[in-house]
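Overview (structure and organization)
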Amino acid sequence: MPSLGRMPPQDNPDDRIALLQGTLDLLILKTLVLGSCHGQGIARSIQRQSEEVFFVDHGSLYLALQRLEDKKWISAKWGVSENNRKARFYSLTAKGRQQLVEKTSEWQRLTRAMGLILDGRPSSEEV
Amino acid sequence: MFRRRRSADDFAEEIKSHFELEADELQSEGLSEEEARRRARVEFGNAQTAQERFYLRSRIVWFDNLLHDIKFASRQLIRNPSFASIAIVTLALGIAANSTIFSWINSTLLDPIPGIAHTSDMITIMRGERSEHPTPPFSYLDFADLRDSTRSFTGLLAYHDDYMAITESGKPERIYGTLASSNYFEVLGVRPILGRSLESTAPNERRGTAEAVLGYGLWQNHFGADPSIIGKIVHINLRPYTIVGVAPEGFQGCKSGLRSDLWIPLGMDSQVWGSDRIKYRDVLWLNVLGKLKPGVDHHQAENELNILMQRLAERFPDAHKGPNTISSDPLWRSPFGANVYLYGTLPILFALALVLLLLACANLANLLLVGSVARRREFAIRLSIGATRWRLVLQLMVENALIALAGGGLALLLTKWTAHGLSAFLPPTTLPLTLNGRVDRTVLVATIMISLLTAAVSGVLPALRASRLALAPVSALKDEALNTSGGIHKSRLAGGLVVGQIALSMLLLVCAGLLVSSQQKAQDSYPGFDPSHMFLASFDLKPMGYSRAQGIEFDKQMLVRLKSLPGVQSVTLGDFSPLSYTIHTDFIQPEGYVPGKNESMEVDRGVAGPEYLRTVRTALLAGRDFTDRDNASALPVSIVNKALADRYWQGQDPIGKRLQVAGHWTTVVGVAANGKYRRLVYDTAPLVLIPMLQSYRTDQIVYVRVAGDPMAYASAVERTVHGLNSDLPLFNETTLAANMRMGNAFERIAAAFAGSFGLLALILAAIGVYGVVAYATKQRTHEIGIRMALGAGKRDIFRQVLGRGLHFAGLGLVLGLIISFALTRYLRGMLYGVGTADWLTFVMVAILLCVATLIACFVPARRAASIDPMQALRTE
């Protein structure tokens, strides 16, 4: 199951949510909008921005990066990080930017629909 | 742009860099260096799995597996050379039988007119009843009218072919030439490689233009491939023609299996053969081929032609008294050319070859079953360390494919040689035959397909069985389990295979038996003349410039001189020789006989010299033979055979009756016994003979009946003829016995192949029975030991093993009998003098198979009987 998140090996597992299929791609694209970043940075960023709710399985993350790269939504090249470590930096391509727009609106339609069913009112308006 | 795939190492590198970055960050959050490193790894999860998944997704995994399987399979085969070689040779024989027949089908039925672009929209047009030896069905005027008014065709072409001679240099060289309508090459879509076609002769089609297009072979051999040949002159039957083009290599005219050497316009008929038939509407001499317009099928075209033909018949009733219905055929079964004799035979031979291949498959399947039981432990180990069943089946299928492809390769080598076997059955003949098979890309592809199909058919069952046997790995890994349950499972399937094999070989043997005995019967049948001690030679006076009177004088003198040679008993002439596809037909009108509406009055017609019947020893039933007094100044006479007399003058005396042959009235002076003139397997047909000295032909065959070996007279005959004209070439010097082999060539092909398929089938079945019985016996060594220990005698054991074999044979024979009865009726068209349910053949085949089974069981039975009970009990 390639992009399903994995339960963390420790730290009160119940608080964290495994990522849904396909959401990881969206999160990666969103993260890269701010500028190019390496895998570890992306993982950290997703975890931090979701207020530590999401746990990103790193293996899945790297495979997802590879998949997006194959689809030419992102491009990658080796570079050097701020603290002088060798790292592979990813950045969004034009195609990826376009995908981000599409996926975002898709996601919003989905959550709105889910909200309607679960609460009787659209939940996305709050977001 | 091509981007290289990212390597797994690069990916690992990235993960390593992740650990470092994460550890740095954790350290900056206050963890110790060691703890940070540990946490980074733990947080990551399973890096190994990620790398593995990366590896799997970035590679074509199945291809890796396949390569591995092929390597493994090759090793497996090399390790077991006896198994591999038996399997490969068995399949090679089965595949070679198929690829050989296919190579023939490919270059005859599938390629009826070599060298033209598309054959699918070409049809050949026939008038009247379908026949295996039709005469050209159209007159020029009718053809021209049809061509101008049809809307179904993009073009209709007409042609007529016959022997001609190139005469510019010393001795004339005999060729087979075609008179072609001006649109001939355009309709066929054949473009000359040099010069142009005959299209520009169109305005003058009837009168003719002295132009010629050379065949590629003639250009190569006779003209030394002269690149500046265009515009030069070639003399054909003593008249000059301008060479305007050279046909492409491979194109040889419109008749399947017959090669035309050159093409000249239709209108040159008068110059080449001195005939004026192009002027008449009732002289039929043209074959017609049409290229359908896109979207028109051949039924529509046929309907249109029938309507047009009907109109012509109404407008010119006197010229359309014969049959006027038109039928069309696709080229592969065109009645003109050699395919007409092949399209019934080759598909049946192909079917027999497929049965043989099926037998070979069954044998291989049995070998694989035996092998898979022996390899059960290997499969179990592979399963228990994580291979899926599917992978196991795939692995076995790869092994089979390897065997089959090796067999296919061997078969192709054999086919390279056997493809030319078709022509080996055809005796030397004056016919410009080009029948042969060849190995081209289609045959190559077909052979590979057949091989892979073979692998699938023979391998699927054993592979599934093997993988299932190994499904309980734990029990399979235990030694004792190997010999019991596996053996029982296997022998039931194997027993079924053996029964199937015996049934199939029964079918093949029955077919072989029927065809061989039919051929034997035809061979032994009395053809109506005595073929022994007869020397034949052909010559053609036309290109030598003889007038009719000179030619007749030459014939007379030659007959006198040859007759005086020592050892020569009698001499005659003919424009044909029996059973060599040289007899012609003509339309007749017997006195007092009223033909039915559209009844075809076309019968076999031979032109024969004085003493013809005496020389060939055909019995004279009434009247007299031709003499040298039956000449131009005497009363026109004819001799008919009994079949003709019976058909048209039932119960009357034919002698003295008047008979119109090709428009000329003759008086019947003799009745000859029936004989065979086309093929031995045909029923006797009506025949009329007319005298050479009255109905002179320049193209003749001299018949010399001698004492002793006919070929010993060849030089004496040659010397005598050259005494009269030193330049006259004698060709096709042969004996009547050898020459008439053409008349049953197709039966001999069928019998020879069916016979050898039958023999192979017998051997394969015997090997199959042997394999299964021997294996089962070996498996039951323990049991036999116990039985012997309990008092069973050697004879009981022996009898029991034989009984097991006979049990297979019995079941197989019953099944085979049913299949054979159901299928042999498809052979009916190929049989002569034998019924399709010939009980003698069935009984003989059944006995043969029983004997073969017994022999195959004999060795394992003896081995079983000589088992030492103590030893047998200890082996386990």
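Look up: the structure comes first, before these words.
What counts as what
Residues numbered from 1 in each chain as written. Chains lettered and ligands numbered in written order. Predicted model: local features only at pLDDT ≥ 70, side-chain atom pairs only at ≥ 80, totals over all residues. Helix = DSSP H or I, 4+ residues; strand = E, 2+ residues; numbered from the N terminus. Buried ≥ 20, exposed ≤ 12 C-beta atoms within 10 Å, placed from the backbone. Contact = placed C-beta atoms within 7 Å. Core = buried A, V, L, I, M, F, W, Y, C linked by C-beta atoms within 7 Å. Nonpolar A, V, L, I, M, F, W, Y, C, P; charged D, E, K, R; others polar. Expected span 1.5 Å × (residues − 1). Pairing = 2+ DSSP bridges. Axes fitted to C-alpha atoms, helices over the stretch in contact; angles between N-to-C directions.

From N to C terminus, chain A includes four helices and three strands. For chain A, the residues scored as buried account for 29% of the 127 residues in total. Restricting to contacts in chain A with at least 6 residues of sequence separation, those with at least 24 account for 44%.

Glancing now at the overall build of chain B. Broken down by element type, chain B carries 29 helices and 21 strands. Its C-alpha atoms give chain B principal-axis dimensions of roughly 130 × 85 × 55 Å. In chain B, which comprises 876 residues, the proportion classed as buried is 47%. In chain B, 83% of the contacts between residues at least 6 apart in sequence involve partners at least 24 apart.

What follows covers the nonpolar core. All names here are of chain B. By size, the foremost hydrophobic cluster in this structure holds 168 residues, and its most contacted members are Leu356, Leu508, Phe757 and Ala761. A per-element tally of this core places helix H25 (residues 745-779) first, with 20 residues. Discounting residues that sit within four places of it in the chain, Ala761 has contacts with Leu356, Leu359, Leu504, Ser505, Leu508 and Leu509. In this structure, Leu214, Ile264, Leu266 and Leu286 belong to the second largest nonpolar core, which totals 64 residues.

Turning next to the interface of chain A and chain B. Each side of the interface is counted separately: chain A has 17 residues, and chain B has 17 residues. Elements supplying a minimum of two residues to the side of chain A that touches chain B: helix H2 (39-49), helix H3 (58-70) and strand E3 (86-92) of chain A. Here the side of chain A that touches chain B gets five residues from one element, more than from any other, and that element is H3(A). Classifying every residue of the side of chain A that touches chain B gives four nonpolar, eight polar and five charged.

With respect to the secondary-structure elements, B:Leu854 resides in helix H28 (residues 839-865). Residues contacting B:Leu854, with those up to four places away along its chain left out, are B:Leu802 and B:Gly805.

An ideal rise of 1.5 Å per residue puts 39 Å on 27 residues; helix H5 (residues 81-107) of chain B measures up with 37 Å between its terminal C-alpha atoms. Judged by how many residues are buried, H5(B) sits mostly within the fold: 20 of 27 residues are covered.

If you walk across this open sheet you meet the three strands as E1-E3-E2 (chain A), and the pairing is antiparallel. Across the chains shown, the open sheet's two edge strands, defined by having one partner strand only, are strand E1 (37-38) and strand E2 (74-80) of chain A. In this structure, E1(A) lies alongside E3(A), joined through two bridges in antiparallel fashion. Across the sheet, A:Cys37 pairs through a bridge with A:Tyr90, a residue of E3(A). Helix-sheet contacts for helix H1 (residues 8-28) of chain B involve E1 and E3 of chain A, and the interaxial angle to E3(A) is about 100°.

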